[in-house]
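The lines below spell out each chain.
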Amino acid sequence: MKVLYLFNFIILILSGSCTPKEAIIEANKKFVIDINQQDKITIFFNAYHTIALETTPNNLIGGIDKIVLQNEHIYILDKKQATIFIFTHNEKYQNKIANQGRAPGEYLSISDFEVYDSHVYCLSRTNQKIFKYDTNGVFQNTIQVNDWYDCFHIQNDSTIYLFSDYSNNQLYNYVVYNPITKEIINRLDKFKKNQGFSFEYSPFHCLDSNLLVSEQYEHTIFSLTSQEKKPLYSFIFNTSDQIPPFIYTDREKTYHFLQGKETLRRIKGLYISQGTLNIVYSIFYKNTGIKDFISKIDTATKEVKTIKLGDDFFPEYPFLYSAFCVYQDQIISYIPALLALNVDKQYGLNRFTSISLKETDNPVLIFHHLK
């Protein structure tokens, strides 16, 4: 179930393989966040850059559901077209994976995808399979997962985390699977009833060697391993309404209950550096839809700086309308070409008119660099 708001763009979940570094060690630290606080934008960012994705008759993007950045490539999932578009970092279109169908090597839909070891892995909830392709779109093989899953994360050659969002037959949210031996390593987060109700978002955040997860309506960020899921950071938001107790037993009832309420929607991304935690999250607002927020938290002193996006224009960052997720030390969003041109003209920036961007061209990616 989806409600569309003008320029409230689709969440982007950026992921990749974890690189080994020192593990994050915390003990479920709790932080209080005032969503009415509005600090200076310059506290959060020190620069931004844009990528105007090349437009050709063969790569028209209808919507962006996920972006993965890896090495020299940008991978963009358009679920409605069941297609993954591949661009280079210099904006050039390179290739796409578009194999929707019923023949061998074809999928009915793409629920999620990952890029791992120079290959593209596409999860199809409908097929209950993961399809593996090379970057030229050539089919390699499939991994049969034999249950309903919305998202996944490839930790290494022998470990895949599968997420069901309270909607599979095993009645576990997380299933850890070994694709080599075709064995289940572990099941975590048991629930009582298959909700059969999918929000189609990814909970996974890969920070160095740490795999963290944040779920719909959940105020806590968890650390996830093949052995356990444990609280890492918890947040208290001063929203006027609170999440109901039946959130985990009746997701559809929860969805309808929240209409017109002011509550947390989801923590969408995070970045941790030198004791500073940056989180991106969205709040349901009464009568005004969904708003995106960024909070910068000193984990030692618990001092919090917060900014709400979408209400004010920031002269230093004129393309910052919303925030989706964090990739390394950058918050990435996208805007339609038409909006990019309008901002360009209104504020005399000449950033996109100078490159002859057209109103009907592909979306523009915006990268805001965190301090």
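Structure first, text after, so check above.
Numbering of residues begins from 1 in every chain and follows the order in which that chain's sequence is written. Only residues with pLDDT of at least 70 get local features here, since the model is predicted, and only at 80 or more are side-chain atom pairs given and counted; chain-wide, interface and lining totals rely on the full set of residues. Hydrogens are left out, water is left out, and the side-chain values use all remaining heavy atoms of the structure.

Here we look at the packing of aromatic side chains
Here is step 1 of the chain: To pair, rings of Phe, Tyr and Trp, with the six-membered ring standing in for Trp, must have centres within 6.5 Å; the planes then decide the type, stacked if under 30 degrees apart, edge-to-face if over 60, and tilted in the middle. In the structure shown here, the tally under the stated rule is 21 aromatic pairs.
Here is step 2 of the chain: A centroid spacing of 6.3 Å and a plane angle of 90° characterise the contact between Tyr107 and Tyr133, whose relative ring orientation is edge-to-face. One end of the pair, Tyr107, is in the loop between strand 6 (93-97) and strand 7 (112-116); the other, Tyr133, is in strand 9 (residues 129-134), with 26 residues separating them in the sequence. With respect to class, Tyr107 is no different from Tyr133; both count as buried.
Here is step 3 of the chain: Pairing Tyr133 with Phe139 gives two aromatic rings, centres 5.8 Å apart and planes at 65°, and the pair type is edge-to-face.
Here is step 4 of the chain: What makes Tyr133 buried here is its relative accessible area of 0%.
Here is step 5 of the chain: Under the relative-accessibility criterion, Phe139 is labelled partly exposed at 33%.
Here is step 6 of the chain: By way of ring pairs, the aromatic residues Phe31, Tyr233, Phe235, Phe237, Tyr281, Tyr285 and Phe293 are connected into one cluster.
Here is step 7 of the chain: One cation-aromatic arrangement involves Lys302 over Phe31; the distance from NZ or CZ to the ring centre is 5.9 Å. Only DSSP runs of H or I with at least four residues qualify as helices, and only runs of E with at least two residues qualify as strands; both kinds are numbered from the N terminus onward. For every residue, the accessible area obtained with a 1.4 Å probe (protein chains only) is divided by the maximum for its type, and the residue is called buried under 20%, exposed over 50%, and partly exposed between those limits. Lysine NZ or arginine CZ positioned within 6 Å of the ring centre and within 35 degrees of the ring normal marks a charge as sitting over the ring.

Some words on the environment of Ile283
Here is step 1 of the chain: Within the fold, Ile283 resides in strand 20 (residues 276-285).
Here is step 2 of the chain: On the basis of relative accessibility, which here comes to 0%, the residue Ile283 falls in the buried class.
Here is step 3 of the chain: Sequence separation between Ile283 and Tyr217 is 66 residues, and the spatial gap between their C-alpha atoms is 9.5 Å.
Here is step 4 of the chain: By the convention used here, residues are in contact when the closest approach between their heavy atoms is within 4.5 Å. Ile283 has contacts with Ile35, Thr239, Glu262, Thr263, Leu264, Arg265, Gly289, Ile290, Lys291 and Phe293, leaving out every residue within four places of it along the chain.

Quick word on the environment of Thr306
Here is step 1 of the chain: With respect to the helices and strands, the residue Thr306 is situated in strand 22 (residues 304-308).
Here is step 2 of the chain: Judged by its relative accessible area of 0%, Thr306 is buried.
Here is step 3 of the chain: Residues Thr306 and Phe293, 13 residues apart in the sequence, show an inter-C-alpha distance of 7.1 Å.
Here is step 4 of the chain: Contacts of Thr306, omitting those with residues within four sequence positions, involve Ile33, Asp34, Gln37, Gln38, Asp39, Phe44, Tyr281, Phe293, Ile294 and Ser295.
Here is step 5 of the chain: For this analysis, a polar contact is any N or O atom pair within 3.5 Å, provided that within protein one partner can donate a hydrogen and the other can accept it, and provided that sequence-adjacent residues contribute only side-chain to side-chain pairs. Within the structure, Thr306 has its side chain in polar contact with the side chain of Ser295 (distance 2.8 Å).

So, unusual backbone geometry
Here is step 1 of the chain: Positive phi is not limited to glycine here, since Leu171 has a value of about 65°.
Here is step 2 of the chain: Take Leu171: it is sitting in the loop between strand 12 (159-163) and strand 13 (172-178).
Here is step 3 of the chain: Of note, Lys302 is a non-glycine position whose phi angle comes to about 65°, a positive value.
Here is step 4 of the chain: You can see Lys302 is positioned in the loop between strand 21 (289-298) and strand 22.

Some points on a nonpolar patch on the surface
Here is step 1 of the chain: Surface patches are drawn from residues lacking salt bridges whose relative accessible area is over 30%; two like charges belong together within 9 Å, two nonpolar side chains (Val, Leu, Ile, Met, Phe, Trp, Tyr) within 5 Å. Methods summary: accessible areas were calculated by the Shrake-Rupley approach with a probe of 1.4 Å, and residue burial reflects only the protein chains presented. For this analysis, a salt bridge means a side-chain nitrogen from Lys or Arg found within 4 Å of a carboxyl oxygen belonging to Asp or Glu. On the surface, Phe313, Tyr347 and Leu349 cluster together into a nonpolar patch covering about 240 Å² of accessible area.
Here is step 2 of the chain: Note that Phe313 resides in the loop between strand 22 and strand 23 (325-327).
Here is step 3 of the chain: Judged by relative accessible area, which is 33%, Phe313 ranks as partly exposed.

A closer look at the side chain of Ser214
Here is step 1 of the chain: Relative to the assigned elements, Ser214 resides in the loop between strand 16 (210-213) and strand 17 (220-224).
Here is step 2 of the chain: Overall, Ser214 belongs to the buried group, its relative accessible area being 0%.
Here is step 3 of the chain: A polar contact of 2.7 Å, which involves the side chain of Ser214, links it to the side chain of His205.
Here is step 4 of the chain: Only 2.7 Å separates the side chain of Ser214 from the backbone oxygen of Ile267, close enough to count as a polar contact.
Here is step 5 of the chain: For Ser214, the contacting residues outside a window of four places in its chain are Tyr201, Pro203, His205, Thr220, Ile221, Arg266 and Ile267.

A look at the sheet that holds strand 22
Here is step 1 of the chain: Two strands pair under a simple rule: DSSP has to find at least two bridges between them. Here we have four strands laid out as an open sheet, ordered 19-20-21-22, and antiparallel in their pairing. On the outer flanks of this sheet lie strand 19 (263-273) and strand 22, each paired with one strand and no other. Taken pair by pair, the neighbouring strands of this sheet meet at an average axis angle of 20°, ignoring direction.
Here is step 2 of the chain: As paired strands, strand 20 and strand 21 are joined by ten bridges and run antiparallel to one another. Counterpart to Phe284 in the pairing with strand 21 is Ile290. Between the N-to-C directions of two axes lies an angle of 0 to 180 degrees, each axis being a line fitted to C-alpha atoms and, for a helix, fitted only over the stretch in contact.

Describing the nonpolar core
Here is step 1 of the chain: In terms of nonpolar packing, the biggest core is built from 28 residues, with Phe45, Ile294, Ile331, Phe352, Leu357 and Val364 touching the most fellow members.
Here is step 2 of the chain: When contributions to this core are tallied by element, the ones reaching two or more residues are strand 2 (45-52), strand 24 (330-335), helix 2 (337-346) and strand 25 (364-370).
Here is step 3 of the chain: For this core, the element with the most residues is helix 2, which contributes five residues.
Here is step 4 of the chain: The set of buried Ala, Val, Leu, Ile, Met, Phe, Trp, Tyr and Cys residues whose side-chain atoms join them within 4.5 Å is what this entry labels a nonpolar core. By size, the runner-up hydrophobic cluster in this structure holds 21 residues, among which are Phe31, Ile283, Tyr285 and Ile297.

By themselves, these observations are geometric and do not establish any function.
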